[in-house]
Amino acid sequence: MVRLAAIAVLSCALAADRGYLLSGRVKPAGASAITVFGATSPFNASTLSDEDGRFTFKNLAAGTYTISVFNPEYGEVRRTIEIGPGTAGRKQRVSIELEFKPADFDRAEAMKREKIS
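Anyway, here's the lowdown on the structure attached to this text.

The topology assignment puts E76 in strand β6 (residues 75-83). Its relative accessible area of 12% is what places E76 among the buried residues. Through-space distance from the C-alpha of E76 to that of F105 is 5.0 Å; in sequence the pair is 29 residues apart. Among the polar contacts made by the side chain of E76, one reaches the side chain of S68 at a distance of 2.6 Å. A polar atom in the side chain of E76 sits 3.3 Å from the side chain of R78.

What follows is the structure, given as structure tokens:
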């Protein structure tokens with residue numbers, strides 16, 4: 001009985017060490033730079049979405065994150081999300097769909113970047 005309880009605790013601990021998988025899709029679709037910032041702890045990671053707006057981040061710790069989406073055509077927009085047991089599905093996976101209107105994007109930041117390039 002003690003061995004069974006120890007195995008169960010160890011299994012839970014190993015599952016928690018894997019971290020969470022965040023997969024999402026940005027609309028309007030198109031290649032965008034996606035950056036995830038830790039809102040309460042120092043962390044950042046970046047990736048590019050595919051042409052359909054899909055992206056993935058692996059091994060994220062539970063917590064609050066800010067997602068920055070930069071689309072060269074529209075500009076930049078940010079959203080805050082929670083990742084953890086309450087938002088994750090099976091196998092610690094979190095799926096989000098970020099749908100924005102062109103007016104949601106900060107076009108001024110995009111204009112600054114165009115001038116530099």
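Below, the discussion takes up the side chain of T66. Summarising the element assignment, T66 is placed in strand β5 (residues 63-71). Sequence-distant contacts of T66, that is, excluding residues within four places in its chain, are made with T35, V36, F37, A39, R78, R79 and T80.

Residues R18, R90, K91 and R93 make up a contiguous surface patch of positive charge. Mapped onto the elements of the fold, R90 is located in the loop between β6 and β7 (93-99).

Basis of the calculations
Residues numbered from 1 in each chain as written. Predicted model: local features only at pLDDT ≥ 70, side-chain atom pairs only at ≥ 80, totals over all residues. Heavy atoms only, no water. Helix = DSSP H or I, 4+ residues; strand = E, 2+ residues; numbered from the N terminus. Buried < 20%, exposed > 50% of the residue type's maximum accessible area, 1.4 Å probe, protein only. Polar contact = N/O pair within 3.5 Å; in protein donor to acceptor, adjacent residues only side chain to side chain. Contact = heavy atoms within 4.5 Å. Patch = residues over 30% accessible without salt bridge, like charges linked within 9 Å, V, L, I, M, F, W, Y side chains within 5 Å. Areas by Shrake-Rupley, 256 points an atom, 1.4 Å probe, with all protein chains shown as cover. Salt bridge = Lys/Arg side-chain N within 4 Å of Asp/Glu carboxyl O. Lys, Arg positive; Asp, Glu negative; His and termini not counted. Charge placed at Lys NZ, Arg CZ, Asp CG, Glu CD.

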